[in-house]
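Residues per chain, in single letters:
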Amino acid sequence: MRLLKTSPSASTPLVKSFPDDAIPPYAILSHTWGPDGDEVSFQDLQELQRDEGSLGAMHPVETKPGMAKLRGSAGLASRNGYEYIWIDTCCIDKTSSAELSEAINSMFRWYQDADICYAYLSDVEVSIAEPRVEMIDPATEAVLHQSRWFTRGWTLQELIAPRDIQFFTKDWTSIGNKLDFQFACLLEEITGIGVSVLRGSSALDEVSVAGKMRWASSRRATRAEDIAYCLMGIFDVNMPLLYGEGPKAFIRLQEEILKQTNDQSLFAWICPSDQVPSALSGLLAPSPEHFRHSADFLPPDPALCRASFPSSMTNTGLHVQLYLKPEPVDIPDFTPAERRYTAILDCIWDIEQEDTGVAGLNRNISPTIQLLALGGDQYARVSSAILRSSPSAQSEETSSGDEGYRYVYVRQKPIGTVPDIRLRARQIGDVSRTADSAFDEVYPEPRWDQRSGVFRPHPSRLGSVVGAFRYTFTTSQLSVQVDFFVGIGRSSSGSSWFYWCTQRRVEGEVNLQQSFLSMQELARTRDEEFSWGCEQGGIEAYTILSFRGNKPCINLELSWTPDLLTEAPGTITVIPATSDIYYRPWTQIPNQSASEHS
């Protein structure tokens, strides 16, 4: 560990290394970084020491804005009797990835072991005559609420880890200490961290995983990976740094947390209201922001927790034991193979028993999430914008049928059943007239099974156009080519499908791939114009959901009237959905097509 010497007699700040068993008492600085180039780095101090006295004027490093902060904190530590102080900007050689990784994995402990921490709020300029919290007026409190220091990811552990932390304004005026109860209450109001945790009377282990995540839910970091790395100490986990992995770092953090605890409040997150939830998602949250509105949870009572199977990440997803209760099937287009379950999480919802008039903790209430069975032992979370409560799994007297603890696999990016597409074309009207329809080609062609006449969409295309199909319609007077497009997606609940179709006359030398890509772009910006059926120039197209066994299927049904077929198609008419035709079992679909591909 490197420490900065605080002696005011030294014209050049000196950084000295100490082995772990010989670290002297030290102060430590908590602050927010300025723009690139403003802070004094380890290399800057080496350069300053190397060039001392040789330039004959002020060294360029001395003019950096961060030098005033460095000398101000070192001088404060010296006046308080400390010979050394640790400052992250200059006590870590950030050009060494190995040293940076070791420092970040050790940082929580370094702040924990410091005698005193100085929190420097560079954007707070309120002057207070005496360092007494009673002197802080509402205006000053408002300034503290807006301080950037309370919005950064790294300063979270710097607030929690030190036993003693003193807060200072831009001009180094003391404004409070977290050991002071009244000031700690103000900190709780700003950060959401309980006074007992701030003052050290409650251990971090007494706070649920979701509770700790909520502390970080409104904080930000310059690099995406740091929002995970800055939480390692709070969760007492270690992991290598992989800058460049982006949001995957937060997933890795949660995987490490799972190795340390059976607290399933880790799964009790909800998608923020300003984001669109995925139809299918994993059990691990994409970011701490997803815990912003998590309620107060407590870790499970080990004496009451029946779940004993360890969680682990595998190549088929997160392997975890959950208490599942099947939900009733009441949705017409619900896939039989994909049944939905309520998963009761092994943690306690901290709800006061207000309805009984008895204050206290109800240990029989737990949060629940919804899972969708995808087949075999694969599941996915659905309705991720919703979190409900239920009697806890520990309070269930018995389990029966499909209800009870179950070992499941949940991929972080689940792949559910994707409906096949089958094609049917039939002539209506005067069938005695000479007329014909021919299926020409399909795109993407590799998804077409020529033998069975089935198009199998790729899961990555769900939510947009999944396939394009080109037909030629011919009468004795004319011949026209038409491209048909089918879109498929999952509802926001994840347990039902939405699907639509549209058509476009082929004009000029446009290949089907070009037509497909242009329709995809159109669907991204004008999806409200598409419906389950449409009509144009004597040709009607419908998409109807059916099932063959447990396999969902979208049937693209084409009906055309030779008498109405025209070269100039006119505008597309959207056909509104009706309950009697929007959903029909496969066996009820009439087999009247003159040209059928199924």
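In what follows, the accompanying structure is described. (Residues numbered from 1 in each chain as written. Predicted model: local features only at pLDDT ≥ 70, side-chain atom pairs only at ≥ 80, totals over all residues. Heavy atoms only, no water.)

1. Considerations on the pattern of salt bridges
- Taken as a whole and judged by the stated rule, the model has 15 salt bridges.
- One salt bridge connects Arg252 with Glu245, and the closest N-O pair in it is separated by 2.6 Å.
- A relative accessible area of 18% places Arg252 in the buried class.
- The class of Glu245 is buried, set by a relative accessible area of 15%.
- Between Glu441 and Arg470 there is a salt bridge whose closest N-O contact spans 3.7 Å. Here Glu441, found in strand E20 (residues 435-443), pairs with Arg470, found in strand E23 (residues 464-475); they are 29 residues apart in sequence, far enough to count as distant.
- By sharing partners, the salt bridges in this structure join Asp420, Asp449 and Arg456 into a single network. (Salt bridge = Lys/Arg side-chain N within 4 Å of Asp/Glu carboxyl O. Buried < 20%, exposed > 50% of the residue type's maximum accessible area, 1.4 Å probe, protein only. Helix = DSSP H or I, 4+ residues; strand = E, 2+ residues; numbered from the N terminus.)

2. Some points on helix H11 (residues 248-258)
- Buried residues dominate H11, accounting for 8 of its 11 residues.
- On its buried face, H11 sits against helix H9 (209-216), helix H10 (226-229) and strand E10 (317-326). (Contact = heavy atoms within 4.5 Å.)

3. Describing the sheet that holds strand E4 (residues 84-86)
- Here 7 strands make up an open sheet; going across it, the order is E2-E1-E4-E3-E5-E6-E7 and the pairing mixed. Across the chains shown, the open sheet's two edge strands, defined by having one partner strand only, are strand E2 (15-17) and strand E7 (174-177). Each strand of the sheet is rotated relative to its neighbour by a mean of 30°, with strand direction disregarded.
- In this sheet, E4 lies alongside strand E1 (residues 2-5) in antiparallel orientation, the contact comprising 2 bridges. Counterpart to Leu4 in the pairing with E4 is Ile85.
- In this fold helix H2 (residues 65-79) packs onto E1, strand E3 (27-30), E4, strand E5 (116-120) and strand E6 (165-168), with an angle of close to 145° to the strand it touches most, E5.
- Sheet strands in contact with helix H4 (residues 97-113) are E1, E3, E4 and E5, and its direction is about 110° off that of E3. (Pairing = 2+ DSSP bridges. Axes fitted to C-alpha atoms, helices over the stretch in contact; angles between N-to-C directions.)

4. Description of the side chain of Ser147
- Structurally, Ser147 is set in the loop between helix H5 (138-145) and helix H6 (154-160).
- Residue classification places Ser147 among the buried residues on the basis of a relative accessible area of 1%.
- A polar side-chain atom of Ser147 sits 2.9 Å from a polar atom in the side chain of Asp123.
- Residues contacting Ser147, with those up to four places away along its chain left out, are Leu121, Asp123 and Val124. (Polar contact = N/O pair within 3.5 Å; in protein donor to acceptor, adjacent residues only side chain to side chain.)

5. Some details on the nonpolar core
- Trp86, Phe167 and Phe267 are the most contacted members of the largest nonpolar core, which totals 109 residues.
- Considering each element in turn, this core owes the most residues, 7 residues, to H4.
- With residues up to four places along the chain from it excluded, the contact list for Phe167 reads Ala119, Leu121, Trp149, Phe150, Leu159, Thr173, Ser174, Ile175, Gly176, Phe183 and Leu187.
- In terms of nonpolar packing, the next biggest core, distinct from the first, is built from 30 residues, Leu423, Tyr471, Phe484 and Leu565 among them. (Core = buried A, V, L, I, M, F, W, Y, C linked by side-chain atoms within 4.5 Å.)

6. Quick notes on empty space enclosed by the protein
- As enumerated under the stated definition, the model contains 3 cavities of 30 Å³ or more in all.
- Estimated volume of the second largest cavity: approximately 50 Å³.
- Lining the second largest cavity are Leu29, His31, Glu39, Val40, Gly66, Lys69, Leu70, Ile87 and Thr89.
- The element best represented in the lining of the second largest cavity is H2, accounting for 3 residues.
- By residue class, the composition of the lining of the second largest cavity is 4 nonpolar, 3 polar and 2 charged. (1 Å grid on protein atoms, 1.4 Å probe; cavity = no way out; pocket = protein on both sides within 12 Å on 5 of 7 lines; lining within 4 Å. Points joined across faces, edges and corners; volume = space filled by probe spheres on them. Nonpolar A, V, L, I, M, F, W, Y, C, P; charged D, E, K, R; others polar.)

7. Things to note about the packing of aromatic side chains
- Going through the model one piece at a time under the given rule, you end up with 23 aromatic pairs.
- Consider the rings of Trp149 and Phe167, whose centres lie 5.3 Å apart with planes at 80°: the pair is edge-to-face. Separated by 18 residues along the polypeptide, Trp149 in the loop between H5 and H6 and Phe167 in strand E6 bring together distant segments of the chain.
- Classification of Trp149 by relative accessible area gives buried; the value is 1%.
- The class for Phe167 is buried, based on a relative accessible area of 1%.
- Each ring, one from Phe168 and one from Trp172, has its centre 5.7 Å from the other, and the planes form 55°; the classification is tilted.
- In this structure Phe168 comes out as buried when scored by relative accessible area, which is 6%.
- In this structure an aromatic cluster arises from ring pairing among Phe439, Trp448, Tyr471, Phe473, Phe484 and Trp560.
- The ring of Phe42 has Arg2 sitting right over it, with the charged end atom 4.2 Å from the ring centre.
- The ring of Trp269 carries Arg381 above its face, with NZ or CZ at 4.4 Å from the centroid. (Phe/Tyr/Trp six-rings, centres within 6.5 Å; stacked < 30°, edge-to-face > 60°. Lys NZ or Arg CZ within 6 Å of the ring centre and 35° of its normal.)

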